[in-house]
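# Examination of the molecular architecture
Here's the letter readout for the chains.
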Amino acid sequence: MTRFDLIVIGSGPSGRRAAVQAAKLGKTVLVVEKRERVGGVSVHTGTIPSKSLRETVLNLTGWRERGFYGSAYRVKKDISAADLRVRGSKILEHEVDVLDHQFARNRVATLTGEARFLDPNHIVVTRGGGAEPEHFEADRFVIACGTRPHRPANIPFDGRTVIDSDEILKLETLPRSMTVVGAGVIGVEYATIFSALEIAVTLVEPRATFLDFIDREMIEEFVHELRDRNVSLRLGAEVTAVEFDHAGRPVCRIASGRDVTSDVLLYAAGRMGSTDGLDLDKAGLETDNRGRLTVDPKTLQTAVPHIYAAGDVIGFPSLASTSMEQGRFAACHAFGLEPTPLPDHFPYGIYAVPEMSTVGMSEEDVKKRQIPYECGIARFRETSRGHIMGLQTGMMKMIFSKKTRRVLGVHIIGEGATELIHIGQAVMALKGTIDYFMESTFNYPTLAEAYKIAALDAWNRAFAPSVAAPETPGMQEAAE
Ligand SMILES: NC(=O)c1ccc[n+]([C@@H]2O[C@H](COP(=O)([O-])OP(=O)(O)OC[C@H]3O[C@@H](n4cnc5c(N)ncnc54)[C@H](O)[C@@H]3O)[C@@H](O)[C@H]2O)c1
């Protein structure tokens, strides 16, 4: 039996950070990973492959250059599924290499195999290829086992025409049409990425709204974008069954009628904690009905104090970015080091086409809390950088408190949204007011200038009511 100070189960963003942080504190650390290679869902089937796919699609189609050369412009005609995989495989290899080196450099031991608890301090790891199971003991554990796609028994997954979000990355040929069930982050990202390839996509969602954590005005803008493209959005459409027609194509039966038939159906209606097989009951733990663990949000300890959990397995927000922070935090707390607190404001990035990003409160949130507020809007096509780049779409919305002048939320849709958001995030983290944007000079021409325009627009709406605020001011108008 080998003993470690810390055993981490899972090598995704949270497991990796927990392991490296503990190693840097001088602790002996073992990471157990059931995949052949480290990296977790994020590197192998989630964040990195989907963002690589998105970037590949935008490049091969020439999506970003269409503002220059017109909507008929294409970099490559007849893009194949193989074309889409080339770059993704290289990125994956590189990410795994970086991780392997990081573990080796920090003397983190790694083991390929499936871990299960024997009791709260012992695990056994079952290894493939006839290897003997190995037993380990540890003082502390971090469960960072992540999630997997939810696959309800009534959906006839066949890995070819009815697939989940892991299988979509292995498509052998590109379909002409696709149904995406579930307008969550995963559904919306893949629906728009594949529609950029001119695949006719139908996005089906049982609820009347989708992506409810995003400001509604941004969603309206997004829906407008979808309408301009070949994405048909079916809200309030409950899926009663998935069957096959005589040609073997999946038919998505919708309760309200108008079934959807397509070449491929992607089922992306949520994820489950990958906790089955861990024998958590032997460690004194239980999961919710989605296989997730509950932790004390202040410490990330589970009901068994020396066992921590981090990342997607603890549920919201299920972002690689926050998972990394949770992993680091758990390791520090586990070994008595005062961890820097988890941030109040974390950005949310949706890598759809167009991308969206948000930090802080939406207009709906501030209304609910009855905070006196005002909003300002800036459209990218009205910035000089937007003109130069040929951007037709893109918008920023800034919300601030009329009482304290503090920035309460920033919401962006369009090119660079996931990068630009960090300016708003930094100002909010430092408890900044709208005055920062009013008083600062930005590089010109940049898309970041949208911050200034949105701030001026908000300020004018709030404090210069006699001046009729234009709906979407350009720099000049907003400043006057
Ligand atoms: N860019 C990112 O940050 C990113 C990218 C991918 C995933 N993620 C995270 O991964 C997690 C999982 O994402 P997800 O999109 O799978 O799940 P989700 O829970 O975010 O969304 C699932 C969607 O499916 C719908 N749905 C539920 N049951 C359904 C049914 N029977 N039929 C049709 N639709 C149904 C839900 O109403 C919801 O809109 C999320 O927490 C997400 O934040 C984040």
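By convention here, each chain's residues receive numbers from 1 onward along its written sequence. Local features in a predicted model are, by the rule used here, given only for residues with pLDDT of at least 70; side-chain atom pairs are given and counted only at 80 or more, and totals for whole chains, interfaces and linings are based on all residues. Calculation of side-chain values draws on the structure's entire complement of heavy atoms; hydrogens and water are dropped beforehand.

A pair of packed helices is characterised by two quantities: the angle between their axes and the separation of those axes. Packing of helix H3 (residues 47-61) against helix H5 (residues 81-105) brings their axes to within 9 Å, and their N-to-C directions diverge by 140 degrees. Classified by the angle between their axes, H3 and H5 sit oblique to one another. Helix-helix and strand crossings are classified by hand; for H3 and H5 the assignment is right-handed. Counted together, Ile48, Ser52, Leu53, Thr56, Val57 and Leu60 of H3 and Asp83, Leu84, Arg87, Gly88, Ile91 and Glu95 of H5 form the full contact between these two elements. Within the contact of H3 with H5, the residues separate by chemical class into 6 nonpolar, 3 polar and 3 charged. Lines fitted to C-alpha atoms define the axes, with helix axes restricted to the stretch in contact, and inter-axis angles between N-to-C directions lie between 0 and 180 degrees. Helix and strand labels come from DSSP, where a helix needs a run of H or I of at least four residues and a strand needs a run of E of at least two; each type is numbered from the N terminus. Each angle gets one of four labels, with under 35 degrees taken as roughly parallel, over 145 as roughly antiparallel, 65 to 115 as roughly perpendicular, and the rest as oblique. By convention the crossing between two helices is left-handed if the near helix lies anticlockwise of the far one by an angle smaller than a right angle, and right-handed if it lies clockwise. Contacts: residue pairs with any heavy atoms within 4.5 Å of one another. Amino acids outside the nonpolar list (Ala, Val, Leu, Ile, Met, Phe, Trp, Tyr, Cys, Pro) and the charged list (Asp, Glu, Lys, Arg) are all regarded as polar, and Gly is one of them.

Here a residue counts as near a molecule or strand whenever at least one of its heavy atoms sits within 4 Å of it. In the neighbourhood of the ligand, 22 residues make up the surrounding shell, with Ile186, Glu189, Glu205, Tyr348 and Gly349 lying closest. Any pair of nitrogen or oxygen atoms within 3.5 Å is treated as a polar contact; in protein, a donor-acceptor pairing is required on top of that, and neighbouring residues in sequence qualify only through side-chain atoms on both sides. With respect to the ligand, the side chain of Arg207 contributes an N or O atom lying 3.0 Å from an oxygen atom. Between an oxygen atom of the ligand and a side-chain N or O atom of Tyr348, the distance comes to 2.6 Å. In this description, accessible areas are obtained by the Shrake-Rupley approach with a 1.4 Å probe, and a residue is regarded as covered only by the protein chains that are shown. When the ligand is considered free in solution it has 850 Å² of accessible area, and contact with the protein chains removes 74% of it. Secondary-structure elements contributing two or more residues to the shell around the ligand are helix H6 (185-195) and strand E18 (348-350). The dominant element in the shell around the ligand, judged by the number of residues it contributes, is H6, at 3 residues.

This part is about the UniProt feature "binding site: NAD(+)" (unreviewed entry) in the chain. UniProt positions are given in the numbering used here, feature names are shortened, and annotations may be inferred rather than shown by experiment. Following the UniProt record, the feature "binding site: NAD(+)" (unreviewed entry) maps to Gly182, Ala183, Gly184, Val185, Ile186, Gly187, Val188, Glu189, Glu205 and Gly270 here. Look at the named residues: they lie 89 residues apart in sequence, but the longest C-alpha span between them is just 13.9 Å, so in the fold they bunch up. Positionally, Gly187 belongs in helix H6. Throughout, exposure labels follow a simple rule: accessible area from a 1.4 Å probe, protein chains only, divided by the maximum for the residue type, with under 20% read as buried, over 50% as exposed, and the rest as partly exposed. Residue classification places Gly187 among the buried residues on the basis of a relative accessible area of 0%.

Right, let's talk about the packing of aromatic side chains for a bit. Within 6.5 Å between ring centres, the rings of Phe, Tyr and Trp (the latter by its six-membered ring) count as paired, and their orientation is classed by plane angle as stacked under 30 degrees, edge-to-face over 60, tilted in between. In this structure the tally under the stated criterion is 14 aromatic pairs. With 6.4 Å between their ring centres and 45 degrees between their planes, Phe210 and Phe222 make a pair best called tilted. In this pair, Phe210 is assigned in the loop between strand E10 (200-205) and helix H7 (216-228) and Phe222 in helix H7, connecting sequence segments 12 residues apart. For Phe210, a relative accessible area of 1% puts it in the buried group. With 6.0 Å between their ring centres and 65 degrees between their planes, Phe400 and Phe463 make a pair best called edge-to-face. Note that Phe400 is positioned in strand E21 (residues 395-401) and Phe463 in helix H13 (residues 449-463), a separation of 63 residues in sequence. A residue is classified by how much of its surface remains accessible, and Phe463, at 33% relative accessible area, is partly exposed. Here a set of aromatic residues connected by ring pairs shows up, and it is made of Tyr436, Phe437, Phe442 and Tyr451. Any Lys NZ or Arg CZ found within 6 Å of a ring centre and within 35 degrees of that ring's normal is scored as a charge over the ring. Arg151 extends its terminal NZ or CZ atom over the ring of Phe157, reaching a point 4.2 Å from the ring centre.

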